[in-house]
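Here are the chains, one letter per residue:
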Amino acid sequence: MSWSMIDEFDAEVAPQDVFRFYADPSTWGDWAHNTKWGKARGTFERGARVDVRVRSYPYTYSVLVRDVEVGRRIICEVRPFG
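First things first, this report covers the structure right here in the doc. (Residues numbered from 1 in each chain as written. Predicted model: local features only at pLDDT ≥ 70, side-chain atom pairs only at ≥ 80, totals over all residues. Heavy atoms only, no water.)

### What about the pairing of strand β2 (residues 49–54)?
What you see with β2 is a clean split: Val-50, Val-52 and Val-54 sit on the buried side and Arg-49, Asp-51 and Arg-53 on the side with no burial. Two strands pair when backbone bridges link them, and strand β1 (residues 35–40) and β2 are joined in this way by five bridges, in the antiparallel orientation. When the bridges of β2 are listed, Lys-39 appears paired with Asp-51. Note: β2 against strand β3 (residues 60–69), five bridges, orientation antiparallel. (Buried < 20%, exposed > 50% of the residue type's maximum accessible area, 1.4 Å probe, protein only. Helix = DSSP H or I, 4+ residues; strand = E, 2+ residues; numbered from the N terminus. Pairing = 2+ DSSP bridges.)

This is how it looks when you write it as C-alpha cells:
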C-alpha cells in the first residue's frame, strides 16, 4: 500500500526559493502547518534522515530523504505512526 500527498496553492514563488526552504529542515517549523521543528541528522542529501516534531502531539518522527535534485526537487518518505 502506498499514498502520496501534494499540497497546491497559487503564489508567485520561484522554484529555487521553495527548494531552499525544503532543503533546510531548520525552517520546517516556520512554514509547515503541523511541524514544530525539523533537525537534519547530518548533511541534507539522498539517504539522510530528518527528525521532525509534530506540533499538536508529543511525537518525533523520522523523514527519509529519498532523492534530491539540487534547486529542483526533493522526495521524502514519511511512515505513519504505529
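### So, the pattern of salt bridges
Note that side chains of opposite charge can pair when their charged atoms are close. Tallied over the entire structure, the rule returns eight salt bridges. Note that Arg-20 and Asp-17 form a salt bridge whose closest N and O atoms lie 3.5 Å from each other. Of this pair, Arg-20 and Asp-17 both sit in helix α1 (residues 15–22), separated by three residues, roughly a single helical turn. On the basis of relative accessible area, Asp-17 is assigned to the partly exposed category, the value being 30%. Three or more residues joined by partner-sharing salt bridges are found here, namely Arg-46, Asp-67, Glu-69, Arg-72 and Arg-73. (Salt bridge = Lys/Arg side-chain N within 4 Å of Asp/Glu carboxyl O.)

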